[in-house]
Number of protein chains: 2
Amino acid sequence: MNDSARFRKHDPAFRWEGVETRAYKNDPGVPYRDVTRQVLFDDPALRCELRYFEVAPGGYTTLERHEHVHAVVIQRGRGRVLVGDAIANVMPFDLVRVPPRTWHQFRADEDACLGFLCLVNHERDRPELPDAAALAALRETAEIAAFIRTE
Amino acid sequence: MNDSARFRKHDPAFRWEGVETRAYKNDPGVPYRDVTRQVLFDDPALRCELRYFEVAPGGYTTLERHEHVHAVVIQRGRGRVLVGDAIANVMPFDLVRVPPRTWHQFRADEDACLGFLCLVNHERDRPELPDAAALAALRETAEIAAFIRTE
């Protein structure tokens, strides 16, 4: 991406000119389903990155946690989000904040995609996946047990 | 704003629960018309702020420049934006990047508002207004002379 562009048009399919649509993760074996990633702004001067993720109907992001914070603005579609011990329905322009070291997962509804902007620090730690003990703890709550996807 | 909230619902009027709608600027005498500001995320750990600005129909932001960068995602309505020597029509989800020390102004169309997310560094320099010489230089281009609003 050429950071020097002043204007980038958006198209109805939620692609931006000059912005590459990438795989959600590059790590093999990390569980997720049907997610794409576009990096909209990654200016060293900002020290943050603004990414657009889109989860296809029925898809989900990786259940994970990390030290860095996520600041999210929903842009498109419909879905549900787990943050810590809470699950919320989300729609365009709702905000989601993922605090440090908090388990989280974004799921699109079965009949709608879920597109969102996610702001993170440019320098950030790697996500941690839940081990068996963490999964067991999450599954103590029936609603969370039914929500999470780990394959 | 309470940064600890994990979910904030958005309403059709583009207000977010728990987020105060503020004046665009607190400095008296700075020229702008009909602009509101909501700070959506201002987490010290992010070192950035994500704000939502809304310019009412016919309104405009201040013509200014500064060292810090703006990374903008249009969210609502329609308008035109000056960045340096270029003016572009913008619509929802278009991106605008304002490089350092570049004159810029956002104008809503006469019959539509213009709402946009603007990402900035938490620590940033104060904007500079154009002096007579800078205005004269901007006005050498007829299109820019017709666009800018300075009262």
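The rules behind these values
- Residues numbered from 1 in each chain as written.
- Chains lettered and ligands numbered in written order.
- Predicted model: local features only at pLDDT ≥ 70, side-chain atom pairs only at ≥ 80, totals over all residues.
- Heavy atoms only, no water.
- Least-squares fit on C-alpha atoms with pLDDT ≥ 70 in both.
- Contact = heavy atoms within 4.5 Å.
- Buried area = accessible area lost by both parts, 1.4 Å probe.
- Salt bridge = Lys/Arg side-chain N within 4 Å of Asp/Glu carboxyl O.
- Helix = DSSP H or I, 4+ residues; strand = E, 2+ residues; numbered from the N terminus.
- Nonpolar A, V, L, I, M, F, W, Y, C, P; charged D, E, K, R; others polar.
- Pairing = 2+ DSSP bridges.
- Buried < 20%, exposed > 50% of the residue type's maximum accessible area, 1.4 Å probe, protein only.

Draft legend 1. Spotlight on the relation of the copies chain B and chain A. Taken as rigid bodies, chain B and chain A are interconverted by a rotation of 180° and an axial shift of 0.0 Å, the fit giving an RMSD of 0.0 Å. The relationship between the two copies is best expressed as a two-fold rotation axis.

Draft legend 2. Fine view of the interface of chain B and chain A. Contacts between the two partners involve 43 residues from chain B and, on the opposite side, 43 residues from chain A. Both sides of the chain B and chain A interface together cover about 3,900 Å² of buried area, and 64% of this is carbon and sulfur. Interface area lost by chain B to chain A is led by B:Arg6, B:Phe7 and B:Leu95, which between them contribute 20%. Here chain B and chain A share 6 salt bridges between them. Close ionic contact of A:Asp94 with B:Lys9 constitutes a salt bridge, the shortest N to O distance being 2.5 Å. Of all the elements in the fold, those that place two or more residues in the side of chain B that touches chain A are β1 (7–8), β3 (33–41), β4 (48–60), β5 (70–77), β6 (79–83), β7 (86–90), β8 (95–98) and β10 (114–121) of chain B. Taken together, the residues of the side of chain B that touches chain A break down into 28 nonpolar, 6 polar and 9 charged. Bridge count between strand β1 (residues 7–8) of chain A and β8(B): 2 bridges; the pairing is antiparallel.

Draft legend 3. A look at the pairing of β7(B). Residue and element names in this part refer to chain B. Of all 5 residues in β7, 4 are buried; the element is thus mostly enclosed. Pairing of β6 with β7 involves 5 bridges; the strand directions are antiparallel. Across the sheet, residue Arg80 finds its bridge partner in β7, namely Asn89. Here β6 folds back onto β7, and the loop between the two strands holds 2 residues, one of which, Gly84, carries a positive phi near 65°.

Draft legend 4. Spotlight on the pairing of strand β9 (residues 104–108) of chain B. Residue and element names in this part refer to chain B. Counted residue by residue, β9 has 5 buried out of 5 residues, so it is predominantly covered. Burial of the side chains of β9 extends over both faces: His104, Phe106 and Ala108 are buried on one face and Gln105 and Arg107 on the other. In the sheet, β6 pairs with β9 via 5 bridges, with the strands oriented antiparallel. Each bridged residue has a counterpart across the sheet, and for Leu82 the counterpart in β9 is Gln105.

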